[in-house]
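# Per-entry structural report
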Amino acid sequence: TAVTLDSSFEPAHALLARILAARGRPDEAAQAARDGLSVDYSAASSHSALGVALTQGGQEDAALKAFETSLVLDPQLQEAKLWKTQLNERAKALA
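Everything in this summary refers to the structure shown in the same document. No experiment lies behind these values; they were computed from the predicted model shown. (Residues numbered from 1 in each chain as written. Predicted model: local features only at pLDDT ≥ 70, side-chain atom pairs only at ≥ 80, totals over all residues. Heavy atoms only, no water.)

Looking now at the packing of aromatic side chains. Under the defined criterion, the tally for this structure stands at one aromatic pair. Where Phe67 meets Trp83, the ring centres are 6.2 Å apart and the plane angle is 15 degrees; that geometry is what we call stacked. Linking Phe67 in helix H5 (residues 60-73) with Trp83 in helix H6 (residues 78-94), this pair joins segments that are 16 residues apart in sequence. (Phe/Tyr/Trp six-rings, centres within 6.5 Å; stacked < 30°, edge-to-face > 60°. Helix = DSSP H or I, 4+ residues; strand = E, 2+ residues; numbered from the N terminus.)

In this section: the environment of Ala33. On the secondary structure map, Ala33 appears in helix H3 (residues 26-39). Note on Ala33: relative accessible area 0%, which makes it buried. A C-alpha to C-alpha distance of 16 Å links Ala33 and Glu60, two positions 27 residues apart in sequence. Excluding its chain neighbours within four sequence positions, the residues that come into contact with Ala33 are His13, Ala17, Ser46, Ala49 and Leu50. (Buried < 20%, exposed > 50% of the residue type's maximum accessible area, 1.4 Å probe, protein only. Contact = heavy atoms within 4.5 Å.)

As enumerated under the stated definition, the model contains three salt bridges in all. Among the ionic pairs, Arg18 bridges to Glu79, the shortest N-O distance being 2.7 Å. Here Arg18, found in helix H2 (residues 10-22), pairs with Glu79, found in helix H6; they are 61 residues apart in sequence, far enough to count as distant. The partly exposed category is assigned to Glu79, whose relative accessible area is 24%. We note a salt bridge from Arg25 to Glu28, for which the minimum N-O separation is 2.8 Å. A relative accessible area of 32% means that Arg25 is categorised as partly exposed. (Salt bridge = Lys/Arg side-chain N within 4 Å of Asp/Glu carboxyl O.)

Nothing here speaks to function; it is geometry throughout.
Here is the structure:
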């Protein structure tokens, strides 16, 4: 994998996190996103990928924080906007 070839390349970690999440492996996806953040904590894409993984793993409060951090770093990141909106709407529906 790209991560194996260059573990210091944050986008590879974020992409791996998205692939693992899409395959229904949220714990591994969260770890891949965290690995990306250990390379570059200012990477909005890894914060967003972490949020997706945490949402799938049922950790919605932590996921919301990840999306919020992502949007502070990149206010235009559509993925984070969409997921944050969905989590907020879900919370309102349950209240």
